Structures are given as structure tokens and as C-alpha cells.
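Structural description and commentary
Residue strings, one per chain:
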Amino acid sequence: MTTLFTNARALNESKKSMLVDMLDSVFDSLDLTKTQRERIESAYNAVGDYLASCDDPLLDGVQIYPQGSMRLRTTNKPLSQEEFDVDLILFLPNAGSATRDKIVSVVKQHLLDSKIYKELVEDLPRGFRINYKGDYHLDITPAKSYDLESLPGHPLWVVDKSMGFKESNPEGMAKNFDEVCSMLPIIRRPQVFLEALNSKSVTALPDQSKKKPLNRIIQILKRHRDVWSQLNSNPHADFKPISVVITTLACRAYLEVIETGKQYDNEFDLILDVIELMPHHIESGFDGILIANPTMRPENYAEKWNRSEKQEGQKYARAFYAWYQAAIDTFEYLASENIRGMDSVFAALSGAFGEKPVLAAQDCIVEAVNVSRDNNKLGVGLGTGAVIASIAGKANSATTGLHDVVPVKRNRFYGD
């Protein structure tokens, strides 16, 4: 079987583990901070309580719950001036036969009646945005029951400006995602680089205990998509793949890997396998291209790929494959002969994932390296340049995969 990752798969285990630890450190810095999460949760609870306070019988017993990246724990801090996009479902259990226009009218009027929300409400094709004009906004999609058949999760009819209503099952998709996330691969990982450093020098960010390999892989792919889409003169920027497409394809690829029972020496090869298998789960048929919600096949996340007007569909498909090739190129470049030493790795990571989170990760890693150096527990593998923990200038070759380790001398920096 041929591989798309010739250079990346040929790396030795120490370098693969080093890259995984660097990526993990970068994405620690891209997670929501405790303060950001608390602010978003406060706004989310407040708008939910307000919507539930409406006297109109249409809003009697409403329920509001998250969907998308917040629900799946795959949120990244946005680039530059972009905001956190918090997606919410507003379920109206008593909407019954109410039309889309009626539902939208009642919900919007209630929001406009509020001194807090009347200046913040914006219309969306599938509901409303509460735009706090800061670092986040809430996108609220009203929905009613979908009673045509029994499906897992919470099948819905969501309001849609062009169709009236569209089938959707975000909670079904999320529960399926959670189930796949809970399936963990067997990693026979050597203890090298950051794991072997003094962990007390690295401050953990909130909610990391809830992150599984699949959550992190999707964060990596989504962030790469965001940075790639903002590259100068990118002809695909307006048609970049949406997050749910990346999430669904990565989830199915990950499940395929797990079901094979394959064992890994490091998470790096797992990431490569998931990326390589993603396009295999794009379906095509008489009705066009399909990337379906696994719990509701009529919900096609690739519906824009089938648009015929002005060849829009082809543009969305081409943009996906252009980004996909760029992701492959990124991992191949990280493994290339041009990348030697930590500085060049950090430079390559900055180009792929943005300078700010990489600088934060670099500071964190350098601090950890210095602590281990001061404790005479840091070494460099000869012929690889991989930084590893060592004791008295020696390392166990069975653990590190290295046979020759040179202790790194302590540095003392004085003055400015």
C-alpha cells in the first residue's frame, strides 16, 4: 500500500514523539481559558433563562443546548480579530405545526423586547446571532421535533430561510462522536521529550483531562484549515471546508483505524493514518456528494458541494482537496531534512498553526527544558537531535530508542 506521508512515516520514534509533544503544547495554548469558558457559560445560561421566560405558548418549555465544537470539545481560540462561534439549539417542544416564519417571529420579538439583547440581535439563515462584539458570539438555531422516525440523539426540524425547515440531529452526531472518542488506540509510546521533563514547570490549562486523541486531532486539523485559509492570495479562502466536514471525516477515519486493532508506537502515526483515510469516507452517488450525519443521513454536511449555480459546488470540493493536500504537505515538511533542531520545528509550526500559540508553547517547553537541564536530567540523542531526559548523562536505549546520549550543560543567563 502506498502512503501519502513518505517523509513523515520514515521519521524515527524519538522525533515523532517530540513532534507530538510540541503539537500538544501548542494546542494547550489554544484551548479556552477558565475565564473565557466562564464568560461564555454565563452568557449562554442568561440567554437560555431569558428565552424560557417568554409568555407566548410557542416558547413554553423551551430547552437550549450546545452543538458544534463547544459540545464536541474541539474549540480553538480564533485567529486575529475573529470571535468564538458558540452554536446553540433552541428546542421548542410545543411548536407542533408552527411555520418557520412564526417561530422566527416569536423568538426574535422576545429578544428585541430585552434591553440587553435588542442591540445585539442579528439575523442568520438558520436563526439568530447574539453578537457581544468582543471575543465571542452565540448563534441560536430554533428547532422543533422531528417525529417521522425513531433516531438516536435528538432529531429535529431546524428553521432554514430557503427551505423552511431542514433535518438535523446535532445531539445524535455528538453522542456518536463521544462514543468514537472513548475508543482509545493502543500506544506503545517511549517516554521522551516533554513527558520525561519536570512536569511541575508546565501549567495545565482547564479541561485537558477531557481531551481524547480524536478531540486533539480535530483541533489540529481545524486550526491548520484556519491558518491555511488566510494565506495571501489563497483562491479557496471563501470556500474553505467547514468544521463539521472535517470533524465527521476525521471521526470516521479514526473509527476505521480503531476497528482494525492497529497498535502504535506513538500518536504521530495515528494522526497520519487519520488524515490519510479521511477522503475514503466521502460518498458520491446519483444525488451528488454526501458526507452524512451518522445518525441522520438526510442531513448532508456537504450539501454546498452539490450546488450548481456559478459552479459553487465544484469550488467547495476543490477547496477541500486543496486544504487536504496542504495538511499533508505540512506534516511532510515537518519531517523533511530542512527541519533540524527545535528552532526550525517551531518556525515550521508557526507557519502551519500561527505564531502566537507556537510562541506560547515554545516558552513553556524552553522553561521545562531549562528545569531539567539544571537538574542534570537532559540529554541530546546523537544523530537525531532529539531532546530527552537522561540520568547522569545516560539514557535507557530500550526506552528512548537512542543508544548514545550526550548530557546538555547547564546554562546561566545574567543581566538583560
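Preceding block: the structure.
Okay, so let's go over this structure. Only a predicted model underlies this, so the values are computations on that prediction, with no experimental measurement involved.

So, on to empty space enclosed by the protein. Summed over the entire model, instances satisfying the criterion amount to two cavities of 30 Å³ or more. Volume-wise, the largest cavity comes out at about 50 Å³. Looking at the lining of the largest cavity, the elements that each hand over two or more residues are α6 (170-181) and α8 (243-260). Class assignment of the residues belonging to the lining of the largest cavity gives a composition of four nonpolar, two polar and one charged.

In this section: the pattern of salt bridges. The final tally for this structure, using the stated rule, is 23 salt bridges. For E337, the salt bridge goes to R340, with nearest N and O atoms at 2.8 Å.

Ranked by internal contacts, the top residues of the largest apolar core, which has 71 residues, are M278, W305, W323, F331 and L349. Breaking this core down by element, the ones donating at least two residues are α2 (13-28), α6, α7 (213-229), α8, α9 (267-277), α10 (312-334), α11 (341-353) and α12 (355-374). Considering every element that reaches this core, the biggest residue donor is α10, with eleven residues. Non-local contacts of L349, meaning those with residues more than four positions away in its chain, are made with M22, L23, V26, L334, G354 and V358. Residues V62, M70, I89 and L90 belong to the second largest nonpolar core, which totals 41 residues.

In total, this model carries ten aromatic pairs according to the counting rule given. Ring centres of Y50 and Y117 lie 5.5 Å apart, and the angle between their planes is 50°; on these two criteria the pair is classed as tilted. One end of the pair, Y50, is in helix α3 (residues 34-51); the other, Y117, is in the loop between α5 (100-112) and β3 (121-124), and 67 residues separate them in sequence. On the basis of relative accessible area, Y117 is assigned to the buried category, the value being 4%. When the ring of W305 is compared with that of F320, the centres are 5.4 Å apart and the planes differ by 45°; the resulting orientation is tilted. Here F320 lies in helix α10 and W305 lies in the loop between β13 (296-300) and α10, a separation of 15 residues in the sequence. The exposure class assigned to W305 is buried, which follows from its relative accessible area of 9%. In textbook terms, an aromatic cluster arises when at least three aromatic residues are bridged by ring pairs, as seen for W305, F320, Y321, W323 and Y324.

The sheet contact formed by strand β6 (residues 156-160) and strand β7 (residues 164-168) spans five bridges and is antiparallel. When the bridges of β7 are listed, V159 appears paired with F165. Linking two consecutive strands that pair antiparallel, namely β6 and β7, is a turn of three residues.

Thresholds applied
Numbers given for residues are sequential positions, taken from 1 along each chain in its written order. Residues qualify for local features only when their pLDDT is at least 70, as the model is predicted, and side-chain atom pairs are given and counted only at 80 or more; totals for whole chains, interfaces and linings, by contrast, use all residues. With hydrogens and water set aside, each side-chain value is computed from the structure's full complement of heavy atoms. Cavities and pockets were defined on a 1 Å grid built over protein atoms only: a cavity is a set of grid points that admits a 1.4 Å probe from which the probe cannot escape, a pocket is an open set flanked by protein on both sides within 12 Å along at least five of seven lines, and lining residues are those with an atom within 4 Å of any such point. Grid points are joined across faces, edges and corners, and a volume is the space filled by probe spheres set on the points. For the purposes of this entry, the term helix denotes a DSSP run of H or I that reaches at least four residues, the term strand denotes a run of E that reaches at least two, and both are numbered from the N terminus. Polar here means any residue outside two lists: the nonpolar Ala, Val, Leu, Ile, Met, Phe, Trp, Tyr, Cys and Pro, and the charged Asp, Glu, Lys and Arg; Gly therefore counts as polar. Here, a salt bridge means any side-chain nitrogen of Lys or Arg that lies within 4 Å of a carboxyl oxygen of Asp or Glu. Within this scheme, the nonpolar core is defined by two criteria: the residues are buried Ala, Val, Leu, Ile, Met, Phe, Trp, Tyr or Cys, and they are joined through side-chain atoms within 4.5 Å. Here the term buried applies to any residue with accessible area under 20% of the maximum for its type, exposed to any over 50%, and partly exposed to those in between, with areas from a 1.4 Å probe on protein chains only. Contacts are assigned to residue pairs that have any heavy atoms within 4.5 Å of one another. Any Phe, Tyr or Trp ring, taking Trp's six-membered ring, that has another such ring centre within 6.5 Å forms a pair; planes under 30 degrees apart are called stacked, those over 60 apart edge-to-face, and the others tilted. Two strands pair under a simple rule: DSSP has to find at least two bridges between them.

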